[in-house]
Amino acid sequence: MSSALVFFSHVSTVPSKAQRELLTLASRFENPTVAIASVPGEEALKVFGSYGIATVLQAENPQASFGTHELSVLDAALQHTDADLVLLENDSFSRELGARIAVRRNAAIVTDVIDVSADLIATKDELAGGYSASVKSATGVLIATVKPNSIEDAPLDCQDSVEVKNLELAAPLVPAVSIVAADQKEASDRPALSEARIVVAGGRGVDGDFSAVEDLADALGAAIGASRAATDAGWISHDAQIGQTGVTVSPQLYISAGISGAIQQKAGMQTSKFIVAVNKDMDAPVFEIADLGIVGDLAKVLPQAAAEIRRRQA
Amino acid sequence: MSDANNTPLTLVVLVKHVPDVQFDRHISQDSLRLDRSESVLSELDEYAVEAALAIVEDNGGFAAGHQVIAATVGPSSSANSVRKALQMGASSGLHLNDDAIAGSDTVATSKALAALVSHVPNVDLVLTGMASTDAETSVIAAQLAERLGFAQLTHAQSVEFDAAQREVTIHREHGDQRLTLKAALPAVLSVTDQANNPRYPNFKGIMAAKKKSIEEVDLAAVGLSAAEVGTEGSTTSVLAADKRPSREAGTIITDSGEAGIALVDFLAEQKLI
Ligand SMILES: Cc1cc2nc3c(=O)[nH]c(=O)nc-3n(C[C@H](O)[C@H](O)[C@H](O)COP(=O)(O)OP(=O)(O)OC[C@H]3O[C@@H](n4cnc5c(N)ncnc54)[C@H](O)[C@@H]3O)c2cc1C
């Protein structure tokens, strides 16, 4: 049986939903180990234990050069564990770490993975979810970046104690990238877009006013997304952009409002379980992929839906 | 100012010829490879070409001796994408074309690209788009930085190039932070679609491109053997690629005052609330 290493750049007080999905996947393999490029707190360690993680490898981040520390930790952890499966998050930063290590260690790097079988065959999305491919490593080690919302979170309910080890790091070999400034983005109470169960997204059709989208999102406990037309117009932060050059989401439910459904937008949301589209143009391409299409004005339909949800939940 | 500041810059922009995203795209069931007819320059590479041209224009223009080399690895048709970059304003083209390369994954492709970049003397900066619009792995820039030993500056939303200090500064997003990062040349830079607005080739550009040369090289010319690329040089092996059933349009209703309620009924039926 194969052994698994999960790598996180950072873990908050408790692991995120996407991180717990990786822990779940790792717990199906032997010796599931976590490596972190920072120092996790007690609570996070407890959560790791509940997934049967026996060992946590850690190394405090000196924040000297961007990305260098994470690369060293992943490299050292792989060497230390000799794992044949490495699981990473699917964001661009983690993909790049995995890809560099794949080059360094002649390992396979597979992105947008939705599952890994016991015999180390990765299932992944191709062509924006149009195809599903099975890929394996030709050299032994498989490095997989796993899409959020692909694995059902399932802790093992064991309370094993976790052994924490400090990793010894060799001096980094890569040229320095200095961090000139780091600005914290405004925190939001809403779920993180990439791992949310429900996403409500607005496009050019909101005409500068996201309040109806926000209101429905609040009623549903959903994350807020947007088309590039809406983010380019500056109506909402670029972080909310869904699509080819924004965030890719696979929620249970995606509500698209005032978005035409261009190919680049669809690339980021067409693997959603259910799609509901509200658009005043009955010929909008988004209706071709919607489970429920509503031809209508979002400024009327969204508030009515939000009020109805609140009424039923009262 | 030292003399070094006037040294002409050598910028290599990597361009990829990809199936047009506006058409249906297919993976062949025989070869498990993407059907590459109807291909165009990957839209996201236009931002990299534009970024390179802007650097040259901000630093004395091509008259100062700077070079923007549009480079690609791929079959003969890929030259069309190099040509498009030349029409936009790149100064010359470089094309690694060898049958043995077909079937390369990212590890093998980055090997071929690194060898191609190394074929160019004194490269200061390698530019790429944020992803190719076909494979969308978004990892080649990082792999090139690893292979070439260059600084890695990826996913730039804006770029400031300081020729005098020989440094590049970028802005990028990173989780819940907005970062300003700086590195010394040589570097690999990938830019997002936020970085600029790519120019369209104008008539003058199209005419000028006819006189620009594209150097074609094979694996031997860049010091690689066939076994280092293609399926043999790849670390992944694709076992199957199945088309997912395409999504079908469901129920479409027209709002006559109650559609918001119908929406909630649908959510309740599907147990989403
Ligand atoms: C390289 C590249 C990358 C791109 N990446 C992305 C990406 O990641 N994500 C993305 O989204 N786009 C992306 N795009 C842009 C994409 O091509 C489209 O231009 C964009 O998605 C359009 O946004 P939209 O649907 O909001 O606007 P439009 O296409 O203008 O559609 C607005 C829609 O709103 C409807 N509408 C108007 N008023 C109302 C109302 N009151 N009620 C209901 N409906 C209304 C209209 O009928 C229309 O269908 C990219 C483009 C390029 C070239």
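Cut-offs applied
Residues numbered from 1 in each chain as written. Chains lettered and ligands numbered in written order. Predicted model: local features only at pLDDT ≥ 70, side-chain atom pairs only at ≥ 80, totals over all residues. Heavy atoms only, no water. UniProt positions renumbered as here; feature names shortened; annotations may be inferred. Contact = heavy atoms within 4.5 Å. Buried area = accessible area lost by both parts, 1.4 Å probe. Salt bridge = Lys/Arg side-chain N within 4 Å of Asp/Glu carboxyl O. Polar contact = N/O pair within 3.5 Å; in protein donor to acceptor, adjacent residues only side chain to side chain. Helix = DSSP H or I, 4+ residues; strand = E, 2+ residues; numbered from the N terminus. Nonpolar A, V, L, I, M, F, W, Y, C, P; charged D, E, K, R; others polar. Pairing = 2+ DSSP bridges. Near = heavy atom within 4 Å. Areas by Shrake-Rupley, 256 points an atom, 1.4 Å probe, with all protein chains shown as cover. Buried < 20%, exposed > 50% of the residue type's maximum accessible area, 1.4 Å probe, protein only. Axes fitted to C-alpha atoms, helices over the stretch in contact; angles between N-to-C directions. Domains from an automatic or database assignment.

An unreviewed UniProt entry lists chain B under the name Electron transfer flavoprotein subunit beta, with Glutamicibacter uratoxydans as the source organism. Looking at chain B in UniProt, the text filed under Subunit (unreviewed entry) is "Heterodimer of an alpha and a beta subunit." According to UniProt, the comment filed for chain B under the heading Cofactor (unreviewed entry) is "FAD".

An unreviewed UniProt entry annotates chain A as Electron transfer flavoprotein subunit alpha of Glutamicibacter uratoxydans. In UniProt, chain A has this text filed under Sequence similarities (unreviewed entry): "Belongs to the ETF alpha-subunit/FixB family."

Visitor: I would appreciate a short explanation of the interface of chain A and chain B in the present structure.
Guide: Accessible area lost when the parts come together is the quantity often used to give the size of an interface. Taken together, the contact pairs 87 residues of chain A with 82 residues of chain B. Summing both sides of the interface, chain A and chain B together bury roughly 7100 Å²; the carbon and sulfur share of this comes to 55%. Where chain A packs against chain B, one counts eight salt bridges. The shortest N-O distance in the salt bridge between R247(B) and D291(A) comes to 3.0 Å. Inspection of the chain A/chain B interface yields 48 residue pairs in polar contact (both at pLDDT 80 or more). Residue contributions to the side of chain A that touches chain B peak at nine residues, all from helix α4 (residues 92-105) of chain A. When its residues are assigned to classes, the side of chain A that touches chain B shows 44 nonpolar, 24 polar and 19 charged. Of the pairings in the sheet, the one linking strand β15 (residues 292-295) of chain A to strand β14 (residues 251-254) of chain B comprises four bridges and is parallel in character. Opposite I294(A), over in β14(B), you have I253(B) as the bridge partner.

Visitor: Mind showing me how you'd approach the site of the ligand here?
Guide: In the neighbourhood of the ligand, 28 residues make up the surrounding shell, with R204(A), S227(A), Q241(A), S260(A) and N279(A) lying closest. Near the ligand, the surrounding residues belong to chains A and B. A distance of 3.1 Å is found between an oxygen atom of the ligand and a backbone nitrogen or oxygen belonging to Q244(A). Between an oxygen atom of the ligand and a side-chain N or O atom of Q264(A), the distance comes to 2.7 Å. Considering the ligand on its own, with 990 Å² of exposed area, one finds that the protein chains cover 82% of that surface. Of all the secondary-structure elements, those providing two or more residues to the shell around the ligand are α6 (228-232) and α7 (263-266) of chain A together with α1 (43-58) of chain B. Examining the composition of the shell around the ligand, we find that three residues originate from one element, α1(B), more than from any other. Residues of the shell around the ligand, tallied by class, amount to seven nonpolar, 14 polar and seven charged.

Visitor: Just checking my understanding: could you explain the side chain of S137(A) for this structure?
Guide: When you line up the elements, S137(A) lands in strand β7 (residues 131-137). Only 2.9 Å separates the side chain of S137(A) from the backbone oxygen of V141(A), close enough to count as a polar contact. Once residues lying within four places of it in the same chain are set aside, the contact partners of S137(A) are A108(A), L142(A) and T235(B).

Visitor: Is there a simple way to think about unusual backbone geometry in this case?
Guide: Across the chain, the bulk of peptide bonds are trans and the bulk of non-glycine residues have phi less than zero. The omega angle of the peptide bond from L185(B) to P186(B) is 0°, so this bond is cis rather than trans. Looking at the element boundaries, P186(B) is found in the loop between β10 (177-184) and β11 (187-191). Of note in this structure, L127(A) is not a glycine but carries a positive phi near 45°. Examined against the element boundaries, L127(A) turns out to sit in the loop between β6 (121-126) and β7. A residue is classified by how much of its surface remains accessible, and L127(A), at 9% relative accessible area, is buried. The backbone of N149(A) shows a phi angle near 65°, a positive value even though the residue is not glycine.

Visitor: Even after reading the chapter, I still don't get the sheet that holds strand β12 (residues 214-217) of chain B, so can you show me in this structure?
Guide: Two strands in a sheet stick together by hydrogen bonds in their backbones, pointing the same way (parallel) or opposite ways (antiparallel). Residues and elements named next belong to chain B. Overall, parallel pairing links the seven strands, which are arranged β7-β11-β6-β1-β4-β5-β12 in an open sheet. A strand with exactly one partner marks an edge of an open sheet, and here the two such strands are β7 (151-156) and β12. This sheet shows a mean twist of 20° between the axes of neighbouring strands, independent of strand direction. The sheet contact formed by β7 and β11 spans four bridges and is parallel. Considered in β11, the bridge of A151 is made with A187. Each of β1 (10-14), β4 (67-73), β5 (92-96), β6 (125-129) and β12 is contacted by helix α3 (residues 106-118), which is oriented at about 150° to β4, the strand it contacts most. Packed onto the sheet, helix α4 (residues 140-148) meets β1, β6, β7 and β11 and runs at close to 175° relative to β11.

Visitor: What is the right way to read the environment of G260(B) from this model?
Guide: When you line up the elements, G260(B) lands in helix α7 (residues 259-269). Since its relative accessible area comes to 0%, G260(B) is described here as buried. Aside from chain neighbours lying at most four places away, what touches G260(B) is V301(A), Q304(A) and A305(A).

Visitor: How do you make sense of the domain arrangement of chain A when you look at a structure like this?
Guide: Residues and elements named next belong to chain A. Looking at the assigned domains, one finds that chain A contains domain 1 (3-166) and domain 2 (193-313). The centre of domain 1, based on its C-alpha atoms, is set 31 Å off from the matching centre of domain 2. The interface is formed by 10 residues belonging to domain 1 together with nine residues belonging to domain 2. For the pair domain 1 and domain 2, the summed buried surface comes to about 700 Å²; carbon and sulfur atoms form 45% of the total. For the interface between domain 1 and domain 2, the tally reads zero salt bridges. On inspection of domain 1 and its partner domain 2, the count reaches five residue pairs in polar contact (both at pLDDT 80 or more).

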